[in-house]
Amino acid sequence: MNKKIVINNYEYDVMIAGAGQPVWLFMHGFMGSMAEYQNVQPKGTRIYLNLLGFGPNAQVVKPAQRFRWREQVNDLNALLNQLDIQKVNLVGYSMGARLALAYATVFPKRITKLILEGGTAGLATQRLRQQRIIADTKKAAKVVTIGMHQFITEWEQLPLFNSQRLLPIAKQKFMHDQRVNQYAENVSNSLYFFGTGAMPSFWGQLSLLQVPVTLITGMNDRKFTRINQRMSQQLPQVTWHQIPHAGHNVHFEQTVTVTDILNNLVVD
């Protein structure tokens, strides 16, 4: 079932599949959409969401400050209210994992389990955040200047996505088309207002998070393996899965494995 839910004058696209408990909410990464998660189908009710400003039918987000993390956390909470969902298994990948962790720090009682794939607790120091803001500001200007096609061509050469070039051509084309069909203005403003540098550090809150957390990383993703190793040492209730033959986007590269991990959480 496809639904459109209006939150603060923005129309969110939502797809609901399955039935019963538990309820899962899936949140994609930067320049992604709900479509990339739809082959992940654990038992229960599954809610796939196009995050603010992303997806093939996204409207241009006005004002651009709506991308700020607190605005998106509040939108997410309002969306759960409209769907009449009290508690959820929250699944986030990359940018979606950053939003999921931020939501968990503000509304922990609404989360049954928190699953972070390729996630981070942010940049620990103001100096690092400022450096990232400068880098993301340059990217934000660039995407508007050169356009989505050229920006995506350069983006897909990042080492973070090396393993995706080993996937079948059809899957590579799906991911490329998903990225290139985003609105440049939304991509730019997401980088500027919701990039890692624009978000606070949540490292100091990890030890206080009384929510069961599952971390998922690909073994070919060395950067986020290091980050998640640190996170696993600080979270009080945590399980960390390191998946072979996968890079940053584990659910896209190893869909069956991630689905099994989620189903095992239901058994537990």
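Conventions used here
Residues numbered from 1 in each chain as written. Predicted model: local features only at pLDDT ≥ 70, side-chain atom pairs only at ≥ 80, totals over all residues. Heavy atoms only, no water. Helix = DSSP H or I, 4+ residues; strand = E, 2+ residues; numbered from the N terminus. Buried < 20%, exposed > 50% of the residue type's maximum accessible area, 1.4 Å probe, protein only. Contact = heavy atoms within 4.5 Å. Areas by Shrake-Rupley, 256 points an atom, 1.4 Å probe, with all protein chains shown as cover. Lys, Arg positive; Asp, Glu negative; His and termini not counted. Charge placed at Lys NZ, Arg CZ, Asp CG, Glu CD. Axes fitted to C-alpha atoms, helices over the stretch in contact; angles between N-to-C directions. Parallel < 35°, antiparallel > 145°, perpendicular 65-115°, else oblique. Left-handed = near helix turned anticlockwise from the far one by under 90°. Nonpolar A, V, L, I, M, F, W, Y, C, P; charged D, E, K, R; others polar. Pairing = 2+ DSSP bridges. Core = buried A, V, L, I, M, F, W, Y, C linked by side-chain atoms within 4.5 Å. Expected span 1.5 Å × (residues − 1). Arc of directions from axis to C-beta.

**Q** I keep staring at the overall build of the protein and nothing clicks. Help me out?
**A** Helix and strand content of the protein: nine helices and eight strands. Referenced to the eigenvectors of the C-alpha coordinate spread, the extents of the protein come out at roughly 50 × 40 × 40 Å. Expressed as a percentage of the 268 residues in the protein, the buried residues total 54%. Within the protein, counting contacts between residues at least 6 apart in sequence, those at least 24 apart form 71% of the total. Here the protein has roughly 12,100 Å² of accessible surface; of this, 52% comes from carbon and sulfur atoms. Computing the positive centroid from 27 side-chain charges and the negative centroid from 16, the protein places the two 7 Å apart.

**Q** Sorry, what's going on with the packing of helix H4 (residues 148-155) against helix H5 (residues 169-180) here?
**A** Each pair of packed helices can be described by the angle between their axes along with the distance between the axes. Contact pair H4 / H5: the axes reach a minimum separation of 9 Å and the direction vectors enclose 135°. With respect to H5, the element H4 is oriented oblique. The chirality of how H4 crosses H5 is right-handed. Where H4 approaches H5, its residues Met148, His149, Ile152 and Trp155 are matched on the opposing element by His176, Arg179 and Val180. Classifying every residue of the contact of H4 with H5 gives four nonpolar, two polar and one charged.

**Q** Honestly, the sheet that holds strand S8 (residues 238-243) in this entry has me stumped. Any pointers?
**A** Strand pairing within a sheet occurs via backbone hydrogen bonds; the two strands may be parallel or antiparallel. Taken in spatial order, the eight strands make up an open sheet running S1-S2-S4-S3-S5-S6-S7-S8, and their pairing is mixed. Of all strands in the sheet, those bounded by a partner on one side alone are strand S1 (2-7) and S8. Adjacent strand axes in the sheet meet at a mean angle of 20° when their direction is disregarded. In this structure, strand S5 (residues 88-93) lies alongside strand S6 (residues 111-117), joined through six bridges in parallel fashion. Opposite valine 91, over in S6, you have isoleucine 115 as the bridge partner. The strands touched by helix H1 (residues 69-82) within the sheet are S1, strand S2 (10-18), strand S3 (23-27), strand S4 (45-49) and S5, with S1 carrying the most contacts at an inclination of about 125°. Along the sheet, helix H7 (residues 222-234) makes contact with S6, strand S7 (213-218) and S8, crossing S7 at roughly 160°.

**Q** Even after reading the chapter, I still don't get the side chain of asparagine 228, so can you show me in this structure?
**A** Within the fold, asparagine 228 resides in helix H7. The exposure class of asparagine 228 is buried, given its relative accessible area of 0%. Setting aside anything within four residues of it in sequence, one finds asparagine 228 in contact with Gly119, Leu215, Thr217 and Trp240.

**Q** Just checking my understanding: could you explain the nonpolar core for this structure?
**A** Across soluble globular proteins, nonpolar side chains have a tendency to be buried as a group. In terms of nonpolar packing, the biggest core is built from 83 residues, with Leu25, Met31, Leu90, Leu114, Leu116 and Val187 touching the most fellow members. No other element matches the eight residues that helix H2 (residues 95-106) contributes to this core. Contact partners of leucine 114, with chain neighbours within four places excluded, come to Leu90, Ala100, Leu101, Ala104, Leu209, Val211, Pro212, Val213 and Thr214.

**Q** Please clarify how the environment of glutamine 157 should be interpreted in this entry.
**A** Looking at where glutamine 157 falls in the secondary structure, it is placed in the loop between H4 and H5. With relative accessibility at 53%, the residue glutamine 157 sits in the exposed group. C-alpha separation for the pair glutamine 157 and asparagine 39, spaced 118 residues apart in sequence, amounts to 25 Å.

**Q** Would you mind showing me how to read helix H3 (residues 126-146) here?
**A** Given 3.6 residues to a turn, an α-helix orients residues that are three or four positions apart in the same direction. Helix length check: H3, at 21 residues, gives a terminal C-alpha distance of 30 Å against a target of 30 Å (1.5 Å per residue), a fit within 8%. Residues Arg129, Asp136, Ala140 and Val143 constitute the buried set of H3. The buried residues of H3 all sit within an arc of 65° when viewed along its axis, so they share a single face. With respect to the buried face of H3, the exposed residues turned more than 90 degrees away are Arg127, Lys138 and Thr145. On its buried face, H3 sits against H4 and helix H6 (184-194).

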